[in-house]
Amino acid sequence: KRENRADSCEDPVLTALLGSRTVTREMALQVPTVAGGIDLIANLVAGTPIRLYKDTPGAKATEVTNDYRLRLLNDETGDTLNANEFWKAMVRDYYLGKGGYAYIHRQNGEVVSLHYVQEQDVSVLKSPDPIFKDFDLEVAGTRYRPYNFLKVLRNTVDGATGVPLTMESSKLIETAYAALVFERNAVRRGGCKRGFLKSEKRLDEEA
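A.B. asks: Would you mind going over the overall build of the protein chain in detail, with residue names and values included?
C.D. replies: Across its full length, the protein chain carries seven helices and eight strands. Counting only residues that meet the buried cut, the protein chain has 30% of its 207 residues in that class. Across the protein chain, contacts joining residues at least 24 apart in sequence account for 53% of those joining residues at least 6 apart.

Structure, rendered in structure tokens:
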């Protein structure tokens, strides 16, 4: 007899396991390996002091210790985030978004503060020319030139946006997330249920 099979999957667990979906930042952070790895790197970056050096002709580079930029990068950014929180946020956007962005606030040509901007709030307006590449950044309806922002980009090919893990390793993250969803649903249902087969005829013990 012809076997009847369902054309579509109604079980949300199987849909999560077999279906293809866009991997989001929130999904990636549900995977312990991804969340733990990014948190570890963010803490390392935030806890590593940034140093400045001056290139002196005919001599070795000498460290600069009295530059105002050191305070902005290692202590107080002039924003609501301190330097530790600033770099953690930049690293998270570096791996899970299109890049880390911070507005460089200048007064009389001197940098007075760094303001972290969530990558979701930054729109990139790129030129269609693939050779002489150019772009502007738009935040809250205001257009800025690239030099107004500090950008930390991952595997960028245009200098404007990076490639996040959610795009580069989407299948791997999706599979790990689906496994977590499956385990969660199995626990909610009290573990894996036994399956049963029906037969129109009486079966002997061996069958």
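A.B. asks: Break down the packing of aromatic side chains for me, citing the residues and quoting the values.
C.D. replies: Geometrically, a pair of aromatic rings is defined through the distance of the ring centres and the angle of the planes. Tallied over the entire structure, the rule returns five aromatic pairs. In this structure an aromatic cluster arises from ring pairing among Tyr103, Tyr144 and Phe149.

A.B. asks: Give me the sheet that holds strand E5 (residues 122–126): which residues, what numbers.
C.D. replies: Strand order in the open sheet formed by three strands is E5-E6-E7, with antiparallel pairing between adjacent strands. Of all the strands in the sheet, the pair left with one neighbour each is E5 and strand E7 (142–144). Averaged over all neighbouring strand pairs, the angle between strand axes comes to 30°, with direction disregarded. Bridge count between E5 and strand E6 (residues 135–139): five bridges; the pairing is antiparallel. Residue Val124 lies in a different strand from E6, and its bridge partner there is Leu137.

A.B. asks: Give me the lowdown on the sheet that holds strand E8 (residues 149–152), citing residues and values where you can.
C.D. replies: One open sheet holds the three strands; their spatial order is E4-E3-E8, and the pairing between them is antiparallel. The sheet is open, and its two edges are formed by strand E4 (110–117) and E8, each paired on a single side. On average, each strand axis in the sheet is tilted by 25° relative to the strand beside it, whichever way the strands run. Here strand E3 (residues 100–107) pairs with E4 via seven bridges, running antiparallel.

A.B. asks: Quick one: what's the story with the pattern of salt bridges, residue by residue and with numbers?
C.D. replies: Inspection of every chain in the model, using the stated rule, returns 11 salt bridges. A salt bridge links Asp134 to Arg145, with the nearest nitrogen and oxygen atoms 3.2 Å apart. Pair noted here: Asp134 is in the loop between E5 and E6 and Arg145 is in the loop between E7 and E8, with a separation of 11 residues, a long-range link. Taking relative accessible area as the criterion, Asp134 reaches 35% and is therefore assigned partly exposed. Each of the salt bridges in this network shares a partner with another, and the network as a whole consists of Arg25, Asp93, Lys98 and Glu119.

A.B. asks: Any chance you could break down the nonpolar core for me, citing the residues and the numbers?
C.D. replies: In terms of nonpolar packing, the biggest core is built from 12 residues, these being Ala46, Leu72, Leu73, Phe86, Trp87, Ala89, Met90, Ala102, Ile104, Val111, Leu114 and Tyr116. Those elements that provide at least two residues to this core are helix H4 (68–74), helix H5 (83–96), E3 and E4. Among the elements that make up this core, the one with the highest residue count is H5 (four residues). Once you skip the residues sitting within four places of it in the chain, Leu114 turns out to touch Leu72, Leu73, Thr77, Asp79, Phe86, Tyr103 and Ile104.

Rules and cut-offs
Residues numbered from 1 in each chain as written. Predicted model: local features only at pLDDT ≥ 70, side-chain atom pairs only at ≥ 80, totals over all residues. Heavy atoms only, no water. Helix = DSSP H or I, 4+ residues; strand = E, 2+ residues; numbered from the N terminus. Buried < 20%, exposed > 50% of the residue type's maximum accessible area, 1.4 Å probe, protein only. Contact = heavy atoms within 4.5 Å. Phe/Tyr/Trp six-rings, centres within 6.5 Å; stacked < 30°, edge-to-face > 60°. Pairing = 2+ DSSP bridges. Axes fitted to C-alpha atoms, helices over the stretch in contact; angles between N-to-C directions. Salt bridge = Lys/Arg side-chain N within 4 Å of Asp/Glu carboxyl O. Core = buried A, V, L, I, M, F, W, Y, C linked by side-chain atoms within 4.5 Å.

It is worth stressing that arrangement in space is one thing and function is another; only the former is reported here.
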